[in-house]
Amino acid sequence: MPLKKIIQASFYILLAIATAYLIVSNLPARKQAGSFEYIRKGEALVGKGKIRESLAFFEQAYEESPPNENIRMSLVWAYSRYAASSIAETEDYGSAIDYLTKAYEVKANNDTATNLALAYSKMGLMKAKGGGISDAPEYYSAAREAASGYQKASRNLAISLFSDAVTEYKEGRERTAILSLKESSLAYEDYRAYELLGDIYYKRRELEKARFNWSRAAKLSPEEKSVAERLARLEKEMGLAESESRIEMPHFDVRYEKSIPVSAEKLVAILERAYFDV
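Below is a short write-up of the structure. Quick caveat: nothing in here was measured; it's all calculated off a predicted structure.

Rules behind the numbers
- Residues numbered from 1 in each chain as written.
- Predicted model: local features only at pLDDT ≥ 70, side-chain atom pairs only at ≥ 80, totals over all residues.
- Heavy atoms only, no water.
- Helix = DSSP H or I, 4+ residues; strand = E, 2+ residues; numbered from the N terminus.
- Buried < 20%, exposed > 50% of the residue type's maximum accessible area, 1.4 Å probe, protein only.
- Contact = heavy atoms within 4.5 Å.
- Areas by Shrake-Rupley, 256 points an atom, 1.4 Å probe, with all protein chains shown as cover.
- Core = buried A, V, L, I, M, F, W, Y, C linked by side-chain atoms within 4.5 Å.
- Phe/Tyr/Trp six-rings, centres within 6.5 Å; stacked < 30°, edge-to-face > 60°.
- Axes fitted to C-alpha atoms, helices over the stretch in contact; angles between N-to-C directions.
- Parallel < 35°, antiparallel > 145°, perpendicular 65-115°, else oblique.
- Left-handed = near helix turned anticlockwise from the far one by under 90°.
- Nonpolar A, V, L, I, M, F, W, Y, C, P; charged D, E, K, R; others polar.
- Salt bridge = Lys/Arg side-chain N within 4 Å of Asp/Glu carboxyl O.
- Expected span 1.5 Å × (residues − 1).
- Arc of directions from axis to C-beta.
- Polar contact = N/O pair within 3.5 Å; in protein donor to acceptor, adjacent residues only side chain to side chain.

**Regarding the overall build of the protein**
Within the protein one finds 13 helices and two strands. Classification of the 278 residues of the protein by burial places 36% in the buried group. In the protein, of all internal contacts separated by at least 6 residues, the share reaching a separation of at least 24 is 48%. Carbon and sulfur atoms make up 56% of the accessible area of the protein, which amounts to about 17100 Å² in all.

So, in structure tokens, the structure goes:
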């Protein structure tokens with residue numbers, strides 16, 4: 001083969017290799033360009049209020065370019081927007097939990113953990129208010145689990161639960177208020193939850209429980225003088241009640257600090273009969 005043709009053939013081979021290289025090397029860029037086009041279509045649908053329909057475009061963009069952080073966060077945003085609309089429009093916490101779980105799986109951080117935890121918490125409150133108070137702890141436990149890896153998320157959950165408790169208490173639902181306060185203290189310890197628990201138990205005359213919760217509040221926040229003062233008054237009140245914890249009847253005064261095998265009333269009657277027999 002003439003040298004000229006050999007050189008010519010070599011040139012075309014090298015050109016083909018270079019072209020192929022350029023095409024292959026530009027595939028990720030082209031793919032990302034297509035992914036952002038999906039994002040734009042999704043955002044346009046969100047702007048029209050068609051959030052549910054937009055999700056397919058955001059998911060397609062993420063499927064094509066999962067390493068891209070902007071695309072990842074766009075999908076998280078879309079899932080979160082849809083979850084929020086489900087709650088706002090129909091109080092569909094079940095659907096919201098499903099999509100907030102997806103958001104957390106795409107990008108686990110404080111924000112996605114907080115959103116998921118709050119959705120579980122609100123589901124628990126809804127169950128409790130609807131009469132299924134025995135079902136509520138399952139959702140509260142899931143809320144704490146969702147927030148557990150992030151201190152800020154746990155604190156946000158505790159604040160939300162405390163706010164729920166205040167609302168429930170003001171509306172006369174003490175049982176759900178107590179449940180919310182207990183869950184708040186499990187999510188993140190703050191003296192305010194124990195303080196309000198103490199207040200509620202004191203009002204119900206469950207003094208031992210009031211003392212326990214006020215003591216815990218005082219330990220967490222010793223500078224809060226109002227808690228210390230309430231606790232001191234309660235201790236004095238309980239001390240007086242204990243000193244008067246006896247049965248007084250004619251001729252005999254029977255104290256019962258320690259348990260006895262017969263009732264105090266029966267003991268008084270026996271002693272009365274013995275007295276009159278003397």
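That covers the picture; the talk isn't over yet.
**Topic: the nonpolar core**
Core analysis: the largest hydrophobic core is formed by 41 residues, its most contacted members being Tyr79 and Leu157. Those elements that provide at least two residues to this core are helix H2 (27–47), helix H3 (51–64), helix H4 (69–90), helix H5 (93–106), helix H6 (110–129), helix H7 (136–147), helix H8 (151–170) and helix H9 (174–187). The contact partners of leucine 157, leaving out residues within four places of it in the chain, are Ala117, Leu118, Ser121, Ala143, Arg144, Ala147 and Ala187. With 20 residues, the next largest nonpolar core counts Leu196, Tyr201, Val227 and Leu234 among its residues.

**Overview of the packing of aromatic side chains**
In total, this model carries five aromatic pairs according to the counting rule given. Considering the side-chain rings of tyrosine 38 and phenylalanine 57, the 6.4 Å spacing of their centres and the 40 degrees angle between planes classify their relative orientation as tilted. Highlighted residues: tyrosine 38 in helix H2 and phenylalanine 57 in helix H3, separated in sequence by 19 residues. Overall, phenylalanine 57 belongs to the partly exposed group, its relative accessible area being 27%. Residues tyrosine 79 and tyrosine 99 carry aromatic rings whose centres are separated by 5.8 Å and whose planes lie at 50 degrees to one another, so their mutual orientation is tilted.

**Overview of the packing of H8 against H9**
Where H8 contacts H9, the two axes come as close as 8 Å, and the packing angle between them is 165 degrees. The angle between H8 and H9 falls in the class roughly antiparallel. Two packed elements cross with a definite hand, and for H8 against H9 that hand is left-handed. Between H8 and H9, the residues in contact are Ser154, Leu157, Ala158, Leu161, Phe162, Asp164, Ala165, Glu168 and Tyr169 and Glu174, Thr176, Ala177, Ser180, Leu181, Glu183, Ser184 and Ala187, respectively. Here the residues of the contact of H8 with H9 are counted per class, giving nine nonpolar, four polar and four charged.

**Description of the pattern of salt bridges**
This structure, assessed with the given rule, holds 19 salt bridges. The residue glutamate 168 makes a salt bridge to lysine 129 at a minimum N-O spacing of 3.8 Å. Here glutamate 168 is found in helix H8, whereas its partner lysine 129 is found in helix H6, with 39 residues between them in sequence. A relative accessible area of 2% places glutamate 168 in the buried class. Each of the salt bridges in this network shares a partner with another, and the network as a whole consists of Glu174, Lys203, Arg204, Glu206 and Lys209.

**Some details on the environment of asparagine 109**
Assignment of secondary structure puts asparagine 109 in the loop between H5 and H6. Spatially, the C-alpha atom of asparagine 109 lies 7.8 Å from that of tyrosine 150, the residues being 41 residues apart in sequence. Beyond its immediate stretch of four places on either side in the chain, asparagine 109 contacts Met73 and Tyr150.

**Some points on H7**
Under the 1.5 Å per step criterion, the end-to-end length of H7 is 17 Å for 12 residues, consistent within 8% with the ideal 16 Å. Listed in full, the buried residues belonging to H7 are Ala136, Tyr139, Tyr140, Ala143, Ala146 and Ala147. Each buried residue of H7 sits inside an arc of 120 degrees when the element is viewed along its axis, so together they form one side. The exposed residues of H7 that point more than 90 degrees off its buried face are Glu138 and Glu145. In this structure, the buried residues of H7 make contact with H6, H8 and H9.

**Here's the deal with the side chain of arginine 230**
Turning to its location among the elements, arginine 230 is positioned in helix H12 (residues 225–243). Among the polar contacts listed, one links the side chain of arginine 230 to the side chain of glutamate 195, at a separation of 2.4 Å. Dropping the residues within four chain positions of it, arginine 230 is found in contact with Glu195, Asp199 and Trp214.

**Details of the side chain of serine 54**
Turning to its location among the elements, serine 54 is positioned in helix H3. What makes serine 54 buried here is its relative accessible area of 0%. The contacts of serine 54, once residues within four sequence positions are left out, are Gly42, Leu45 and Val46.

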